[in-house]
Amino acid sequence: MITIGAGLFLVPERVGDALWPWPLSALTGGAIGAWLLGVGVGVGHALWENDLRRVRPWMSGYVLFGLLEIVAVLR
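This section reports on the structure supplied with the text. (Residues numbered from 1 in each chain as written. Predicted model: local features only at pLDDT ≥ 70, side-chain atom pairs only at ≥ 80, totals over all residues. Heavy atoms only, no water.)

**Brief notes about the environment of Val11**
Within the secondary structure layout, Val11 lies in the loop between helix H1 (2-10) and helix H2 (12-19). On the accessibility criterion, Val11 (37% relative accessible area) is partly exposed. As for Val11 and Ala26, which are separated by 15 residues in sequence, their C-alpha atoms are 8.0 Å apart. (Helix = DSSP H or I, 4+ residues; strand = E, 2+ residues; numbered from the N terminus. Buried < 20%, exposed > 50% of the residue type's maximum accessible area, 1.4 Å probe, protein only.)

Here's what the structure looks like:
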């Protein structure tokens, strides 16, 4: 996530054309890249902490996000 996010954030047209299934504008590619960077850094930090009690609120938020994505697909 960090690698692809950094690529989309820094050069969204080149990375978006190579990896994304539909065309991305520079603004959209940068926004997706920033989101991927944020998630990747958060996951890396959770692995670094290695303390389930401290990262549980963050993890529960992403479980909820995943469930809402499934609801959106089913709609």
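Moving on from the model shown.
**Quick notes on the pattern of salt bridges**
For the structure shown, the criterion picks out two salt bridges. Among the ionic pairs, Arg54 bridges to Glu49, the shortest N-O distance being 3.4 Å. Taking the shortest distance from any N to any O, the salt bridge between Asp51 and Arg53 comes out at 3.7 Å. (Salt bridge = Lys/Arg side-chain N within 4 Å of Asp/Glu carboxyl O.)

**Regarding the packing of H1 against H2**
Helices that pack against each other are described as a pair by the angle of their axes relative to one another and the distance between those axes. At a minimum axis separation of 5 Å, H1 and H2 run at an interaxial angle of 130°. Put simply, H1 runs oblique to H2. Each of Ile4, Gly7, Leu8, Phe9 and Leu10 in H1 lies in contact with H2, whose residues at this interface are Pro12, Val15, Gly16 and Leu19. For the contact of H1 with H2, the residue count by class is seven nonpolar, two polar and no charged. (Axes fitted to C-alpha atoms, helices over the stretch in contact; angles between N-to-C directions. Parallel < 35°, antiparallel > 145°, perpendicular 65-115°, else oblique. Contact = heavy atoms within 4.5 Å. Nonpolar A, V, L, I, M, F, W, Y, C, P; charged D, E, K, R; others polar.)

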